[in-house]
Amino acid sequence: MAKPVYVLNGPNLNLLGSREPEIYGSESLDDVRARTLEKAGQLGLEIEFRQSNREGELVDWIQEAGGKASALIVNAGAYTHTSVAILDALLAADIPCIEVHLSNIFQREDFRQHSFLSQASLGVICGFGAQGYEFAVEAVAGRLSDK
Ligand code: CA2
């Protein structure tokens, strides 16, 4: 059986849809999950979709993905801008990773404009809200079919 694509979401993304809709949109994380699974189904990909508020749990899941997943889609939330531990885990996992952000981090505060994770990512999708997860699934599908 084909390996799944792990879609990992970081801190506070469980609050999606409850506030700051002007920045993050009005869809909940369950809505984002449904969109991601729908797109993946169309492209013949399996998805393992998770969220954690804890950095260490995200690191554990990235390590797990290194053995069990074909690729990673990661929105690490605020850890994007702080976490060398998540960067190191992505480098060690050694599978394709696409970094996603709902908001356009380059139009926001200076501290959001640097990502530790981009160094380990094939590319970054930001500013398209929940649709960005669908774009990431398409990017993964394209990359896996090239192999
Ligand atoms: O734009 C993104 O997807 C972010 O990764 C979201 C993070 C933020 O720290 C990054 O700079 C950019 C924050 C997610 C928090 O989401 C909330 C949603 C609703 C209410 C409160 C927080």
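Residues numbered from 1 in each chain as written. Predicted model: local features only at pLDDT ≥ 70, side-chain atom pairs only at ≥ 80, totals over all residues. Heavy atoms only, no water.

Chemist: Describe the overall build of the chain, naming the residues involved and giving the relevant values.
Modeler: When its secondary structure is counted, the chain shows 5 helices and 5 strands. Sequence-ordered secondary structure for the chain, helices as α and strands as β, is β-α-α-β-α-β-α-β-β-α. The C-alpha atoms of the chain give 14 Å as radius of gyration, which agrees with the globular expectation for 147 residues (15 Å, within 12%). Taken over 147 residues, the chain has a buried fraction of 47%. In the chain, 77% of the contacts between residues at least 6 apart in sequence involve partners at least 24 apart. (Helix = DSSP H or I, 4+ residues; strand = E, 2+ residues; numbered from the N terminus. Rg over C-alpha atoms; globule rule 2.2 N^0.38 Å. Buried < 20%, exposed > 50% of the residue type's maximum accessible area, 1.4 Å probe, protein only. Contact = heavy atoms within 4.5 Å.)

Chemist: Tell me about the packing of helix α3 (residues 55–68) against helix α4 (residues 84–93), and please be specific about residues and values.
Modeler: When two helices pack together, their arrangement is given by the angle between the helix axes and by the axis-to-axis distance. Packing of α3 against α4 brings their axes to within 8 Å, and their N-to-C directions diverge by 5°. On the basis of the axis angle, α3 is roughly parallel to α4. Here Glu55, Leu58, Val59, Ile62 and Gly66 of α3 lie close against α4, whose contacting residues are Ala85, Ile86, Ala89, Leu90 and Ala93. When the residues that make up the contact of α3 with α4 are grouped by side-chain class, the tally is 8 nonpolar, 1 polar and 1 charged. (Axes fitted to C-alpha atoms, helices over the stretch in contact; angles between N-to-C directions. Parallel < 35°, antiparallel > 145°, perpendicular 65-115°, else oblique. Nonpolar A, V, L, I, M, F, W, Y, C, P; charged D, E, K, R; others polar.)

Chemist: So what about the site of the ligand? Which residues, and what values?
Modeler: In the neighbourhood of the ligand, 17 residues make up the surrounding shell, with Asn75, His81, Leu102, Ser103 and Arg112 lying closest. Measuring from an oxygen atom of the ligand, one finds a side-chain N or O atom of Asn75 at 2.8 Å. One nitrogen or oxygen atom from the side chain of Ser103 is found 2.5 Å from an oxygen atom belonging to the ligand. When isolated, the ligand has an accessible area of 510 Å², and the protein chains bury 95% of it. Given that more than half its atoms are within 2 Å of the pocket grid, the ligand belongs to the largest pocket. The residue inventory of the shell around the ligand, partitioned by class, reads 8 nonpolar, 6 polar and 3 charged. (Near = heavy atom within 4 Å. Polar contact = N/O pair within 3.5 Å; in protein donor to acceptor, adjacent residues only side chain to side chain. Areas by Shrake-Rupley, 256 points an atom, 1.4 Å probe, with all protein chains shown as cover. 1 Å grid on protein atoms, 1.4 Å probe; cavity = no way out; pocket = protein on both sides within 12 Å on 5 of 7 lines; lining within 4 Å. Sits in = over half its atoms within 2 Å of the grid points.)

Chemist: Explain the packing of aromatic side chains to me, and be specific about the residues and the numbers.
Modeler: Within the structure shown, the criterion is met by 2 aromatic pairs. Between the aromatic rings of Phe49 and Tyr133, the centroid separation amounts to 6.4 Å while the plane-to-plane angle is 40°, which identifies the pairing as tilted. Residue Phe49 is found in strand β2 (residues 47–51), and its partner Tyr133 is found in helix α5 (residues 131–145); the two are separated by 84 residues along the sequence. Measuring from ring centre to ring centre gives 5.3 Å for Phe128 and Phe135, while their planes differ by 80°; the resulting arrangement is edge-to-face. Of the residues examined, Phe135 reaches a relative accessible area of 30% and is grouped as partly exposed. (Phe/Tyr/Trp six-rings, centres within 6.5 Å; stacked < 30°, edge-to-face > 60°.)

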